[in-house]
Amino acid sequence: QQQVKQSPQSLIVQKGGISIINCAYENTAFDYFPWYQQFPGKGPALLIAIRPDVSEKKEGRFTISFNKSAKQFSLHIMDSQPGDSATYFCAVHSGGYQKVTFGTGTKLQVIP
Amino acid sequence: DSGVTQTPKHLITATGQRVTLRCSPRSGDLSVYWYQQSLDQGLQFLIQYYNGEERAKGNILERFSAQQFPDLHSELNLSSLELGDSALYFCASSVASQASEGYEQYFGPGTRLTVT
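Just so you know, the residues in each chain are numbered from 1, in the order the chain's sequence is written. The order in which chains are written sets their letters, starting at A; the order in which ligands are written sets their numbers, starting at 1. Per-residue local features are limited, in this predicted model, to residues with pLDDT of at least 70; the limit for side-chain atom pairs, both in listing and counting, is 80 or more; totals at the level of whole chains, interfaces and linings are taken over all residues. Side-chain metrics rest on all non-hydrogen atoms present in the structure, leaving aside hydrogens and water.

Draft legend 1. Spotlight on the overall build of chain A. To qualify as a helix, a DSSP run of H or I must reach at least 4 residues; to qualify as a strand, a run of E must reach at least 2; elements of each kind are numbered from the N terminus. Counting its secondary structure elements, chain A contains zero helices and eleven strands. Element order for chain A, N to C, with α for helix and β for strand: β-β-β-β-β-β-β-β-β-β-β. Against the compact-globule benchmark of 13 Å for 112 residues, chain A has a radius of gyration of 13 Å, which places it among compact chains. Seen through its C-alpha atoms, chain A measures out along the principal axes to roughly 40 × 30 × 20 Å. Note on exposure labels: buried denotes an accessible area under 20% of the residue type's maximum, exposed denotes more than 50%, and partly exposed covers the range between, all computed with a 1.4 Å probe on protein chains only. Across the 112 residues in chain A, those meeting the buried criterion constitute 44%. The long-range fraction of contacts in chain A, counting pairs at least 24 apart against all pairs at least 6 apart in sequence, stands at 52%. Surface exposure of chain A reaches about 5,400 Å², of which carbon and sulfur atoms provide 50%. None of His or the chain ends enter the tally, which takes Lys and Arg as positive and Asp and Glu as negative. Here the site of a charge means NZ on Lys, CZ on Arg, CG on Asp, or CD on Glu. With 11 positive and 7 negative side-chain charges, chain A shows a separation of 5 Å between the mean positions of the two kinds. We compute the radius of gyration from the C-alpha atoms alone; for a globule the expected value is 2.2 Å times N to the 0.38, where N is the number of residues. Whether two residues are in contact is decided by their heavy atoms: any pair within 4.5 Å suffices. Note on areas: Shrake-Rupley, 1.4 Å probe, and residue coverage restricted to the protein chains presented here.

Here it is in structure tokens:
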């Protein structure tokens, strides 16, 4: 049972452009929504995260937009740079003991 | 560097064998999580331990088991290995185990398991 749907699977963006990755979830019991960045050969690294009591969170060039009623959240990368080229995963956490479900990942390529 | 260490980095073994993967969490972190990442299945949560006790279970096969020791390091044991078990295995750690205490997880560099 897929609880998180992530799109697109891959994305090519010009340097300086905006990268947008979307995730949709099914279970309203989820209460923490992080995005992870993963470079080849490395473990995922937490990029930014949001809780359902806010609709937007911004950290530098990275913004999470959260739509509780639509059960969707998205990652926006402003002024995308070649160094942002990586795979991005959304995740949802549920329950008190952090049962985690990850999205399928989006491979982002930022071209100069 | 996340502060989470995993050994070995690479492991090649044959079908039917048993292996043990080791993880040392960040200093001060009490929770350890294990994940499997394969090309066709993405990143799958396997199991979580907090201060030596199992706290949450994901899609972990019965052939797999884990434990967390008093010094907080953790081991993931994989037995009766099959070709399909070939994957990257990640360990992550966090300070807390519950929602009210923070969720940030820090991932290790992973162990690449190849079953031939």
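Draft legend 2. Expanded view of the packing of aromatic side chains. Paired rings are identified among Phe, Tyr and Trp, the last through its six-membered ring, by centres lying within 6.5 Å, and are further divided according to the angle between planes into stacked (under 30 degrees), edge-to-face (over 60) and tilted (the rest). This model, assessed by the stated rule, comprises 15 aromatic pairs over all chains. A centroid spacing of 5.1 Å and a plane angle of 35 degrees characterise the contact between B:Tyr35 and B:Phe107, whose relative ring orientation is tilted. With a gap of 72 residues between them, B:Tyr35 in strand β4 (residues 31–38) and B:Phe107 in strand β10 (residues 106–107) connect regions that are remote in the sequence. Take B:Tyr35 and B:Phe107: they sit in the same class, and that class is buried. Aromatic ring contacts, followed pair by pair, group A:Tyr36, A:Phe89, A:Phe102, B:Tyr35, B:Phe45, B:Phe90 and B:Phe107 into a single cluster. Note that B:Arg26 overlies the ring of B:Tyr106, its terminal NZ or CZ placed 3.7 Å from the centroid. Two limits define a charge over a ring: the Lys NZ or Arg CZ must be within 6 Å of the ring centre, and within 35 degrees of the ring normal.

Draft legend 3. Spatial organisation of the sheet that holds strand β1 (residues 5–7) of chain B. Residue and element names in this part refer to chain B. Taken in spatial order, the four strands line up as β1-β3-β8-β7 in an open sheet, and their pairing is antiparallel. With one partner strand each, in any of the chains shown, β1 and β7 (64–68) form the two edges of the open sheet. Each adjacent strand pair in this sheet contributes to an overall mean axis angle of 15 degrees, direction not counted. Any two strands with at least two DSSP bridges between them are considered paired. Of the pairings in the sheet, the one linking β1 to strand β3 (residues 19–24) comprises three bridges and is antiparallel in character. Throughout, an axis means a line fitted to C-alpha atoms (over the contacting stretch in the case of helices), and angles, computed between N-to-C directions, take values from 0 to 180 degrees.

Draft legend 4. Representation of the side chain of B:Thr13 in the model. Residues and elements named next belong to chain B. On the secondary structure map, Thr13 appears in strand β2 (residues 10–13). Residue classification places Thr13 among the buried positions, given a relative accessible area of 15%. Not counting residues up to four positions away in its chain, the partners in contact with Thr13 are Val19, Leu81, Leu113, Thr114, Val115 and Thr116.

Draft legend 5. Structural context of a nonpolar patch on the surface. All names here are of chain A. Among the surface-exposed residues, Ile18, Ile20 and Met78 lie close enough to one another that they form a single nonpolar patch of about 240 Å² accessible area. Looking at the element boundaries, Ile20 is found in strand β3 (residues 19–25). Relative accessible area serves as the criterion here: at 36%, Ile20 is assigned to the partly exposed category. Here a patch means residues that are over 30% exposed by relative accessible area and free of salt bridges, tied together within 9 Å if like-charged and within 5 Å if nonpolar (Val, Leu, Ile, Met, Phe, Trp, Tyr). A carboxyl oxygen of Asp or Glu within 4 Å of a side-chain nitrogen of Lys or Arg is what we treat as a salt bridge.

Draft legend 6. A look at the sheet that holds strand β7 (residues 62–67) of chain A. Residue and element names in this part refer to chain A. Taken together, five strands build an open sheet; the order of strands is β1-β3-β8-β7-β6 and the sheet is antiparallel. Both edges of this open sheet fall to β1 (4–7) and β6 (56–59), since each of them pairs with a single strand only. Each strand of the sheet is rotated relative to its neighbour by a mean of 15 degrees, with strand direction disregarded. Where β6 and β7 come together, four bridges link them in antiparallel fashion. For Glu56, the partnering residue across the bridge sits in β7 and is Ser65.

Draft legend 7. Summary view of the nonpolar core. If you look at the biggest cluster of nonpolar residues, it comprises 24 residues, and the most contacted ones within it are A:Phe33, A:Trp35, A:Phe73, A:Leu75 and A:Tyr88. Counting residues per element, the ones that place at least two in this core are β2 (10–14), β3, β4 (30–38), β5 (45–50), β7, β8 (72–77), β9 (86–94) and β11 (106–111) of chain A. Residues grouped as a nonpolar core are buried Ala, Val, Leu, Ile, Met, Phe, Trp, Tyr and Cys residues, joined through side-chain atoms within 4.5 Å. Among the nonpolar cores identified, the runner-up in size contains 20 residues, and B:Val4, B:Ile60, B:Leu76 and B:Leu81 belong to it.

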